[in-house]
Amino acid sequence: MLGVQLRARGIVDERVLAAMAAVPRERFVPTESREEAYADRALRIAAGQTISQPYMVALMTQLLDPPLGCRVLEIGTGSGYQAAVIAAMGCDVLGVERLAELASSARERLEALGFGARVEIRVGDGSLGWAAGAPWPRIIVAAGAPSVPDELVAQLADGGRLVIPVGGRRDQELLLVERRGPKLVTTDHGPCVFVPLRGAGGWA
Ligand code: SAH
């Protein structure tokens, strides 16, 4: 996975590669998909949701570029895999997941793998961000939004980075939004396919 799927496609951040090597992805997929855990694609998890393709997790984490000890807001925790990768880089993650069922299994899984102290998971509408922890130096969204939600921009710290798929219901472009004082600089990092971000700042 590291060589063929990640390095060869431009994942160069050694901290990201080390974190991806350290997190056992097979523990985040349903038992019947264990053999495919490291395949080059997204896999189904519970409740009709997906765990993102390894390359997409790596690319998003590389764009997020969280320094050691950074606080990260993650929207759409799903299986908890992306949260574990960020925690393995020595960051503290607040994950927001709208489906209680997924949140509780992710919580248990992360606890069992020793990430419990670094990851906290809340159930709620993450399209509204998490105001109590704002401003956030880093925000990562693992579901596709129709546009960049205003609340996420409002909660992004100066010098902060927001990584989010934006576009249609079926496919999106991966955007990086950087705040530089009053200015927002947005760059496009290519096409991607995510489940829809639901809620007040997402799809109905
Ligand atoms: N990062 C996850 C991928 C999860 S797929 C992983 O590594 O496994 C996207 C997730 O976003 C789904 O679990 C879905 O329930 C959740 N989601 C969609 N809209 C949301 C919202 N408004 N707030 C929080 N979670 C949301």
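Throughout what follows, the structure given in this document is the object of discussion.

**Some words on the site of the ligand**
- Around the ligand, the structure places 26 residues, and the nearest of them are S79, E97, D125, G126 and R198.
- At a separation of 3.5 Å, a nitrogen atom of the ligand approaches a polar side-chain atom of E74.
- Q82 is positioned such that a nitrogen or oxygen atom in its backbone is 3.1 Å from an oxygen atom of the ligand.
- When the ligand is considered free in solution it has 580 Å² of accessible area, and contact with the protein chains removes 99% of it.
- With respect to the detected pockets, the ligand is housed in the largest pocket.
- Residue composition of the shell around the ligand, by class: 11 nonpolar, 10 polar and 5 charged.

**Some thoughts on the nonpolar core**
- Counting 46 residues, the largest nonpolar core has I11, M20, Y81, V119, V163 and L174 as its most contacted members.
- Secondary-structure elements contributing two or more residues to this core are α2 (14-22), α3 (54-64), α4 (81-88), α5 (100-112), β5 (119-123) and β8 (172-180).
- In terms of residues, this core owes the most to one element, α3, which gives 8 residues.
- Other than its neighbours up to four places away in sequence, L174 contacts M56, L59, M60, L63, V163, I164, P165, T187, D188, H189, G190 and C192.
- Within the second largest apolar cluster, 18 residues are counted, among which are I139, A143, L152 and V177.

So, how was this worked out
- Residues numbered from 1 in each chain as written.
- Predicted model: local features only at pLDDT ≥ 70, side-chain atom pairs only at ≥ 80, totals over all residues.
- Heavy atoms only, no water.
- Near = heavy atom within 4 Å.
- Polar contact = N/O pair within 3.5 Å; in protein donor to acceptor, adjacent residues only side chain to side chain.
- Areas by Shrake-Rupley, 256 points an atom, 1.4 Å probe, with all protein chains shown as cover.
- 1 Å grid on protein atoms, 1.4 Å probe; cavity = no way out; pocket = protein on both sides within 12 Å on 5 of 7 lines; lining within 4 Å.
- Sits in = over half its atoms within 2 Å of the grid points.
- Nonpolar A, V, L, I, M, F, W, Y, C, P; charged D, E, K, R; others polar.
- Core = buried A, V, L, I, M, F, W, Y, C linked by side-chain atoms within 4.5 Å.
- Buried < 20%, exposed > 50% of the residue type's maximum accessible area, 1.4 Å probe, protein only.
- Helix = DSSP H or I, 4+ residues; strand = E, 2+ residues; numbered from the N terminus.
- Contact = heavy atoms within 4.5 Å.

What is shown is where atoms sit, not what they do.
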